[in-house]
Amino acid sequence: MAQGAVHHEPHHEVSIWPLPIGVGVLLMPISFTMFFHYGWQLPGLIAGGVGLALILVGAAGWANEHFTAEKEEGFGWVGILSFIISEVVIFGTLFAAFWTARVTHADEWSAWVPEGISLGMAGILTLILWASSFTIFRAETALEEEGDSGKALTWVFLTFALGLTFVVLHVKEWIHLWGEGFTLSSHMYGTGFYALTGLHTSHVIVGLIAQIYAMWLLASGRMNREKPTMLRATSAYWHFVDVMWMLVAGTAYLVGTAAL
Amino acid sequence: MREAISVPYLKAGLKEWIFTTDHKKIGILYLTTTYIFFLVAGLFGLVIRFEQNSPGYQIVPPDFYNYLLTGHGAVLLLWWGIASHIGGLGNFLLPLMIGAKDVAFPRLNALSWWAFFGASVLVLLTLIPGNHIKMMWTGYPPYAGNPDAGVTALYVFIIHLIGVSSIATAVNFITTYIKMRAPGITFWNTNMFVHALIAANVIQLVGVPSIAGAVTMLLLDTYLGTNFYNPAKGGDPLIYQNVFWFYSHPVVYVMILPIFGMFSEIVSTFSRKPLFGYTSMIFAIWCITFLSFIVWIHHMFVSGVPDWARVLMSYTTILIAVPTGIKIFNWMGTLYKGAIILRVPMLYALGGIFMFLIGGLTGIPNAMVAIDLGISDSLFIVGHFHYVLGMALTFGIFGGITYWFPKMTGRMYPENIGKLSFWLIFAGANIFYFFQMIAGILGNPRRYPDYPPIPEWVTLHHIQTIGALILGVGILVYTVGLIKGLTSGEEASDNPWESQSLEWRLPSPAPVDNFGDEPPKVEPDYHPYKYGAPPAF
């Protein structure tokens, strides 16, 4: 931000937005600790609600500040790529736990596989995400090569609709499986299944929020051919979520149900 | 809200400090916070030392002793070991050394600081008696999920918030280095501190999510009934150790690489010679960065892992001695026939290299499975890592603070106090940790508040206590020097050490907008270590 502004006297900007986000981020653990460790449910919920509100307000203010006052510098692209490296490792830890259990408990594993788990559902979810990777790619080319914000907006909206469908179908799948007695705590397959797919779906939801933001930026004209970094970053993140789904589905559904 | 701030950053008001996005102010916030935490965790250490002075329970109950040990370890590693020189000196120096106006994402940098601040608040919350965490800084399950171990959630979230801060900082610094170097600053004439800082942040980027995953699984197991570490239902506690050490071994290089970078800056400047083997230094840094990720099993030689893994990681661990040796050799090469000037930063750098050498040499036997089986979990390990990490790191940071003190404050660190503090710390630390290692060789285990009244052990513990007291006085003297330097230190010139490096071309203290709106122009043959002779590569 400092490079973008033009002032003639020595100066440095300030921003009030990191502080509310920071306080919100601090309230989350406090809320969890109150709720789960001490069993103070109401104070826990209040702290969590205030924290979430602070994060949302801070993020909105931050975003507004970014797009009203600044020149695009394209740093976001390098930033998001390095962040994705970090994300891959987070998934890696859960894969490590899942695969270790799968290998060391191969003999008892088949007893853990629930009746209702179907590869068909995994296939449908995969196709939806593939389609959404294509649509966001079209959005990116529409903006960067054709400079057509309206067209880009349409493609982002299609991506968003596909992503939302994915989440809805996935939640229905969870409710169905949970009802069969296949829960987070029943055994390591349940733990690994919900942890992997849950972590992945939380990333899908983050991607959806980024898409809402991108649509608002496109609709309001803040994002255009000269400032495409936000859409490029959203797109890179979405492709990552899509590729990660192959590994998550391959592990949670295929390796989980296959008779090895 | 955005407004121009034109007051010099050290005279800025509270509002600017709270809402600042300036890398220099944020760096100073980190340094101040970590220094205070360092002092408190050091006091924890002194209480631990007095408790161990004689057999039997002396001053604290075992339960509280566990809390002291956990706090001492966690705070000195995560606050002093990482945040003081990455968040503190790193923030302050990275843009100055590459000629940038700030980091790539200044507001993200501020958010990193607030996440770090949040983690600090959580640490302070554990001071409340009911909130003690007693699972040691490693937090191994199944004990870490046990009610006796304290509030598991606080332990996990301290790691989480530090992790958020670290990943954001890593993304920020890496982007800054790739995108914001001034024209003429290239990979081959970047300061060694910046090279080391970027390597350290690459480790953070790849490693932090790993420990975050480990403790998240611990949190889920404890509060939501998952089975990650529950062998009865298909889980495995060793997963935690593997995933935990996959970060927590590389993190020692996060802590020490920037310190190596500072040693390089200081040794070259005060020998008035170009850094010997600049290119091999870069090679060594990246070699260490890579190798650091394939040695973690050496923390688990007694945990029940397959022999092939133990032998493999024993070899890779010893292999790390090669790039590390290259670095020590290069510092010696820089000193050789140099016009050595023994000012305070130089004393600390040389002392730090010495401490690291002792720590490094005592690390090699630990890497060998057969020897480690005998000395694992003994005080030998504790003495070893207080040399290699604790003291090499503290000497490095103390040296770095005195070296860049003029650029941060516009004043000089008082020379006499600095020298006195150095000799006290050097003597105290060696008396303390060398005899701690001997106690370990004689079989004294680590982490217990009590031990049998074996006469040799008791004598060794008495010697250690004397060393610890001298060390404590030394740190106190250094702290007095900081306050004296800030309030009444001699006014510093722009380049008091006559360094060739870019950050010293700015006035002291560094102006709020660094080099102004235009990036600085460096001469075509710019090199940060261009003293006397042409660079030796």
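Residues numbered from 1 in each chain as written. Chains lettered and ligands numbered in written order. Predicted model: local features only at pLDDT ≥ 70, side-chain atom pairs only at ≥ 80, totals over all residues. Heavy atoms only, no water.

A look at the overall build of chain A
For the record, the criterion: Working definition: helices are DSSP H or I runs of at least four residues, strands are E runs of at least two. Numbering for both runs from the N terminus. Working definition: with a 1.4 Å probe on protein chains only, accessible area under 20% of the residue-type maximum means buried, over 50% means exposed, and in between means partly exposed. In this description, contact between two residues means that some pair of their heavy atoms is separated by no more than 4.5 Å.
When helices and strands are counted, chain A shows 8 helices and 0 strands. Order of helices (α) and strands (β) in chain A, N terminus to C terminus: α-α-α-α-α-α-α-α. When the backbone C-alpha atoms are referred to their principal axes, chain A occupies close to 70 × 50 × 25 Å. Evaluated residue by residue, chain A yields a buried proportion of 51% over its 260 residues. Taking the contacts inside chain A whose residues are at least 6 apart along the sequence as the reference set, 79% of them involve residues at least 24 apart.

What to know about the overall build of chain B
Condition: To get the radius of gyration, use the C-alpha atoms; to get the globule rule, take the number of residues to the power 0.38 and multiply by 2.2 Å. Charged-residue counts in this description rest on Lys and Arg as positive and Asp and Glu as negative, His and the chain ends being excluded. Lys charges are placed at NZ, Arg charges at CZ, Asp charges at CG and Glu charges at CD.
Regarding its fold elements, chain B presents 16 helices and 0 strands. Here the C-alpha radius of gyration of chain B, 23 Å, is about what a compact globule of 537 residues would show, namely 24 Å. In terms of overall dimensions, chain B has a C-alpha envelope of 65 × 55 × 45 Å along the principal axes. Evaluated residue by residue, chain B yields a buried proportion of 65% over its 537 residues. The contacts of chain B with a sequence gap of at least 6 include a subset with a gap of at least 24, amounting to 81%. With 27 positive and 26 negative side-chain charges, chain B shows a spacing of 6 Å between the two charge centroids.

Concerning the pattern of salt bridges
Counted only if it meets this: By convention in these notes, a salt bridge is any Lys or Arg side-chain nitrogen within 4 Å of a carboxyl oxygen on Asp or Glu.
Tallying each qualifying case throughout the model produces 11 salt bridges over all chains. For A:K151, the salt bridge identified is with A:E146, shortest N-O distance 2.7 Å. Owing to a relative accessible area of 30%, A:K151 belongs among the partly exposed residues under this scheme. A relative accessible area of 43% places A:E146 in the partly exposed class. Between B:K134 and B:D63 there is a salt bridge, with its nearest N and O atoms 3.2 Å apart. On the criterion of sequence distance, the pair formed by B:K134 in the loop between α4 (106-125) and α5 (152-179) and B:D63 in helix α3 (residues 62-98) is long-range, its members being 71 residues apart. A relative accessible area of 13% places B:K134 in the buried class. It is possible to trace a salt-bridge network through shared partners that takes in B:R343, B:E415 and B:K419.

Regarding the interface of chain B and chain A
Rule in force here: As a working definition, buried area equals the accessible area (1.4 Å probe) given up by two parts on being put together, with both sides summed. Any pair of N or O atoms that falls within 3.5 Å is considered a polar contact. Within protein, one atom must be able to donate a hydrogen and the other to accept it, and sequence-neighbouring residues count only if both atoms are side-chain atoms. By the convention adopted, Pro, Cys, Tyr, Trp, Phe, Met, Ile, Leu, Val and Ala count as nonpolar, Lys, Arg, Asp and Glu as charged, and the other residues, Gly among them, as polar.
Contacts between the two partners involve 64 residues from chain B and, on the opposite side, 58 residues from chain A. Here chain B meets chain A over a buried area of about 5600 Å², counting both sides, of which 71% is carbon and sulfur. Where chain B packs against chain A, one counts 1 salt bridge. Between B:R107 and A:E65 there is a salt bridge, with the nearest N and O atoms lying 2.6 Å from each other. At the surface where chain B touches chain A, the tally comes to 11 residue pairs in polar contact (both at pLDDT 80 or more). Mapped onto the side of chain B that touches chain A, the elements with two or more residues apiece are α1 (14-19), α4, α5, α6 (192-224) and α7 (237-248) of chain B. Its residues assigned to classes, the side of chain B that touches chain A comprises 36 nonpolar, 16 polar and 12 charged.

Section: the packing of aromatic side chains
What describes a pair of aromatic rings is the distance from one ring centre to the other and the angle between the planes of the rings. Rules: When two rings of Phe, Tyr or Trp (its six-membered ring) have centres within 6.5 Å they constitute a pair, described as stacked for plane angles under 30 degrees, edge-to-face for angles over 60, and tilted for the intermediate range. Charge-over-ring contacts are defined here by two conditions on Lys NZ or Arg CZ: a distance within 6 Å of the ring centre and an angle within 35 degrees of the ring normal.
The final tally for this structure, using the stated rule, is 77 aromatic pairs over all chains. Ring plane angle 80° and centroid distance 6.2 Å describe the contact between B:F434 and B:F435, whose orientation is recorded as edge-to-face. Taking NZ or CZ as reference, A:R232 lies 4.1 Å from the ring centre of A:W77, over its face. Directly above the aromatic system of B:Y177 lies the positively charged group of B:R181, at a separation of 5.1 Å from the ring centroid.

Focus: the side chain of A:H105
Within the secondary structure layout, A:H105 lies in the loop between α3 (75-104) and α4 (106-109). A:H105 sits in the buried class, given a relative accessible area of 13%.

Here's the deal with the nonpolar core
Selection criterion: Only buried residues count toward a nonpolar core. Its members are Ala, Val, Leu, Ile, Met, Phe, Trp, Tyr and Cys residues joined through side-chain atoms within 4.5 Å. Segmentation of the chain into domains, including their bounds, is taken from an automatic or database domain assignment.
Ranked by internal contacts, the top residues of the largest apolar core, which has 236 residues, are A:F193, A:Y253, B:W79, B:Y155, B:L257, B:F398 and B:W404. When residues in this core are grouped by element, the largest group, 18 residues, is from α6(B). Shared between two domains, this core holds at least three residues of each, these being domain 1 (1-71) and domain 2 (74-257) of chain A. In this view, B:W404 contacts B:L89, B:L93, B:M97, B:M262, B:E265, B:E503 and B:W504; residues no more than four positions away in its chain are not counted. With 8 residues, the next largest nonpolar core counts B:F44, B:I48, B:Y65 and B:L68 among its residues.

Considering unusual backbone geometry
All names here are of chain B. In this chain, P141 is followed by P142 through a cis amide linkage whose omega measures 5°. In the segment running from S508 into P509, the intervening peptide bond is cis, with an omega of -10°. Relative to the elements of secondary structure, P509 occurs in the segment after α16 (455-488). One non-glycine residue with positive phi stands out, namely R272, at about 55°. For D377, which is not a glycine, the phi torsion comes out positive at approximately 60°.

Structural notes on a nonpolar patch on the surface
All names here are of chain B. Our working rule: Exposure above 30% relative accessible area and the lack of any salt bridge qualify a residue for a patch; like charges then connect within 9 Å, and the nonpolar side chains Val, Leu, Ile, Met, Phe, Trp and Tyr within 5 Å. Working definition of accessibility: Shrake-Rupley area with a 1.4 Å probe, residue cover restricted to the visible protein chains.
A cluster of nonpolar side chains, namely I318, L357, L361, I364, M368 and I371, defines an oily patch on the protein surface of about 450 Å² accessible area. Here the nonpolar patch gets 3 residues from one element, more than from any other, and that element is helix α12 (residues 344-367). Tracing the sequence through the fold places L361 in helix α12. When its relative accessible area of 53% is taken as the criterion, L361 is described as exposed.

Some remarks on helix α1 (residues 18-37) of chain A
Rule in force here: Expected span of a helix, by definition, is 1.5 Å for each gap between consecutive residues, and there is one gap fewer than residues.
Taking 1.5 Å of rise per residue, 20 residues should cover 28 Å, and α1(A) covers 28 Å from first to last C-alpha, within 8% of that figure. Just past α1(A), the residue A:G39 takes up positive phi, approximately 70°.

Things to note about the environment of B:N444
Residues and elements named next belong to chain B. Tracing the sequence through the fold places N444 in the loop between α15 (415-441) and α16. According to the relative accessible area criterion, N444 is buried, its value standing at 2%. Not counting the four nearest positions on each side in its chain, N444 is found in contact with S378, L379, A439, Y451, W457 and H461. Reaching out from N444, the side chain makes a polar contact with the side chain of H461 at a distance of 2.6 Å.

Side note on the confidence of the model for chain B
Residue and element names in this part refer to chain B. Selection rule: The pLDDT value expresses, per residue, how confident the predictor is, ranging between 0 and 100.
Looking at chain B, the pLDDT average stands at 93 and 97% of residues meet or exceed 70. Confidence, expressed as mean pLDDT per element, reaches its minimum in chain B at α1 with 86 and its maximum at α15 with 97. Under a pLDDT of 50 for its full length, residues 1-7 has, in the predicted model, 30 contacts with residues more than four places off or in other chains. The complex model carries a pTM of 0.93, and its ipTM stands at 0.91.

A closer look at α3(B)
All names here are of chain B. Helix length check: α3 (37 residues) gives 50 Å between terminal C-alpha atoms against 54 Å at 1.5 Å per residue, within 8%. The element α3 is extensively covered by neighbouring structure, given that 34 of its 37 residues are classed as buried. Two residues or fewer after α3 comes G99, characterised by a positive phi angle close to 75°.

Structural notes on the domain arrangement of chain A
Residues and elements named next belong to chain A. What the domain assignment lists for chain A is domain 1 (1-71) and domain 2 (74-257). Between domain 1 and domain 2, the C-alpha centre-to-centre distance is 25 Å. Taken together, the contacts link 5 residues of domain 1 with 5 residues of domain 2. Our count for the contact surface shared by domain 1 and domain 2 stands at 0 residue pairs in polar contact (both at pLDDT 80 or more). Looking at the side of domain 1 that touches domain 2 residue by residue, the classes come out as 2 nonpolar, 2 polar and 1 charged.

Considerations on the packing of α12(B) against α15(B)
Residues and elements named next belong to chain B. To keep things clear, this is the line we draw: Interaxial angle, 0 to 180 degrees, is taken between N-to-C directions of lines fitted to C-alpha atoms, where a helix line uses only the stretch in contact. Should an angle lie under 35 degrees it is considered roughly parallel, over 145 roughly antiparallel, and from 65 to 115 roughly perpendicular; all remaining angles are considered oblique.
Taken N-terminus to C-terminus, the directions of α12 and α15 make an angle of 10°; their axes are 9 Å apart at the nearest point. Classified by the angle between their axes, α12 and α15 sit roughly parallel to one another. Touching V344, L347, Y348, G351, F354, M355, I358 and T362 of α12 are E415, G418, K419, S421, F422, W423, I425, F426, A429, N430 and M437, all from α15. Its residues placed into classes, the contact of α12 with α15 shows 12 nonpolar, 5 polar and 2 charged.

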